[in-house]
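Given next are the chains, with one letter for each unit.
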Amino acid sequence: MISFLSIIAIGFFLGMRHATDPDHVVAVTTIVSRQNKIGRAALTGIFWGIGHTLTIFVVGTAIILFDVVIPARIGLGMEFSVAVMLIILGLMNVVSFSRSAQSIARIQGGVTTHAHSHASGELIHTHTHEPESMSLTRMDRWFGNLGFYRQLRPLLIGIVHGLAGS
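Predicted model only: the values in this text are computed from it and were never measured.

Undergrad: Honestly, the overall build of the protein in this entry has me stumped. Any pointers?
TA: Each helix and strand in the protein was counted, giving six helices and three strands. When burial is assessed residue by residue, the protein has 17% of its 166 residues classed as buried. A separation of at least 24 residues holds for 57% of the contacts in the protein among residues at least 6 apart in sequence. Surface exposure of the protein reaches about 11800 Å², of which carbon and sulfur atoms provide 72%.

What follows is the structure, given as structure tokens:
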């Protein structure tokens, strides 16, 4: 019994050390920082953890039960996919921050004003968009009531991250 508890304790502390690796911190903070409530942020982190754990459990079980050996090339490919994903998440953060800073400066009474050229080749001009007409706002309105909508992305990010850990 003592040896079993020792194994559990060592596994717990190694898991905690693994959870504080920089790649985990970046992945989780990127997706959690988009939430405006602590409960939603916690739920987002939980779904990321479920995806990460699920992948490691499935791949680890296959390795143990079926004596599967993952070639180094595939392992490096999985690590590379996580690196690409982290770069994309970082770019999403930079773009999101940039858009937030610009929209705060341009919001005038609930209407966003910006300048751009249209596909028809018109000269750059300024016009307004009502917040409800913007595509992300529409997606949030359409899918926002579905329970899986906000949690699907962190679950998928956790699954991809778990592949590299496997």
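Undergrad: What's the story with the nonpolar core in this structure? I'm lost.
TA: Side chains that are nonpolar tend, in soluble globular proteins, to be buried together. Listed in full, the nine residues of the largest apolar core are Ala-27, Ile-31, Trp-48, Val-82, Met-85, Leu-86, Leu-89, Ile-157 and Ala-164. Those elements that provide at least two residues to this core are helix H2 (22–32), helix H4 (72–106) and helix H6 (149–165). Among the elements that make up this core, the one with the highest residue count is H4 (four residues). Excluding anything up to four places from it in sequence, Leu-86 contacts Asp-23, Val-26 and Ala-27.

Undergrad: When you look at the side chain of His-52 in this model, what are you seeing that I'm missing?
TA: Looking at the element boundaries, His-52 is found in helix H3 (residues 38–66). A polar atom in the side chain of His-52 sits 3.4 Å from the side chain of His-18. Residue contacts for His-52: discarding those within four places in its chain leaves His-18, His-24, Gly-158, Ile-159, His-161 and Gly-162.

Undergrad: I'm lost on the packing of aromatic side chains in this one. Help?
TA: Centre distance and the angle of the planes are the two values used to describe a pair of aromatic rings. Taken as a whole, this structure holds one aromatic pair when the rule is applied. Plain terms: the ring middles of Phe-12 and Phe-13 are 5.3 Å apart, the flat faces sit at 75 degrees to each other, and that makes the pair edge-to-face. You can call Phe-12 partly exposed: its relative accessible area is 49%. Residue classification places Phe-13 among the exposed residues on the basis of a relative accessible area of 56%.

Undergrad: I keep staring at a nonpolar patch on the surface and nothing clicks. Help me out?
TA: A cluster of nonpolar side chains, Leu-43, Ile-46, Ile-50, Leu-54, Phe-57 and Val-58, forms an exposed patch at the surface whose accessible area comes to about 560 Å². Here Phe-57 is to be found in helix H3.

Undergrad: Help me understand H2, please; the structure alone is not making it clear to me.
TA: Each α-helix turn comprises 3.6 residues. Residues three or four places apart therefore point the same way. Of all the positions in H2, only His-24, Ala-27, Thr-30 and Ile-31 are classed as buried. Burial along H2 is one-sided: seen end-on, the buried residues are contained in an arc of 145 degrees.

Undergrad: Help me understand unusual backbone geometry, please; the structure alone is not making it clear to me.
TA: A negative phi holds for most residues other than glycine; trans holds for most peptide bonds. The backbone phi angle of Asp-67 is positive, close to 55 degrees, even though this residue is not glycine. Position of Asp-67 relative to the elements: it lies in the loop between H3 and H4.

Undergrad: In this structure, what is going on with the side chain of Thr-44? I would like to understand it.
TA: Tracing the backbone shows Thr-44 in helix H3. Apart from the residues lying within four places of it in its own chain, the contact partners of Thr-44 are Ile-31, Val-32, Gln-35, Gln-151 and Pro-154.

Undergrad: Sorry, what's going on with the packing of H2 against H3 here?
TA: Each pair of packed helices can be summarised by the angle the axes make with each other and by the distance between the axes. H3 packs onto H2 with a crossing angle of 135 degrees between their chain directions and a minimal axis gap of 9 Å. In terms of orientation, H2 lies oblique with respect to H3. Seen from above, H2 lies across H3 with right-handed handedness. Contact with H2, carried on its side by His-24, Ala-27, Val-28, Ile-31 and Val-32, involves Ala-41, Thr-44, Gly-45, Trp-48 and His-52 of H3 and no other residues of that element. Within the contact of H2 with H3, the residues separate by chemical class into six nonpolar, four polar and no charged.

The rules behind each value
- Residues numbered from 1 in each chain as written.
- Predicted model: local features only at pLDDT ≥ 70, side-chain atom pairs only at ≥ 80, totals over all residues.
- Heavy atoms only, no water.
- Helix = DSSP H or I, 4+ residues; strand = E, 2+ residues; numbered from the N terminus.
- Buried < 20%, exposed > 50% of the residue type's maximum accessible area, 1.4 Å probe, protein only.
- Contact = heavy atoms within 4.5 Å.
- Areas by Shrake-Rupley, 256 points an atom, 1.4 Å probe, with all protein chains shown as cover.
- Core = buried A, V, L, I, M, F, W, Y, C linked by side-chain atoms within 4.5 Å.
- Polar contact = N/O pair within 3.5 Å; in protein donor to acceptor, adjacent residues only side chain to side chain.
- Phe/Tyr/Trp six-rings, centres within 6.5 Å; stacked < 30°, edge-to-face > 60°.
- Patch = residues over 30% accessible without salt bridge, like charges linked within 9 Å, V, L, I, M, F, W, Y side chains within 5 Å.
- Salt bridge = Lys/Arg side-chain N within 4 Å of Asp/Glu carboxyl O.
- Arc of directions from axis to C-beta.
- Axes fitted to C-alpha atoms, helices over the stretch in contact; angles between N-to-C directions.
- Parallel < 35°, antiparallel > 145°, perpendicular 65-115°, else oblique.
- Left-handed = near helix turned anticlockwise from the far one by under 90°.
- Nonpolar A, V, L, I, M, F, W, Y, C, P; charged D, E, K, R; others polar.

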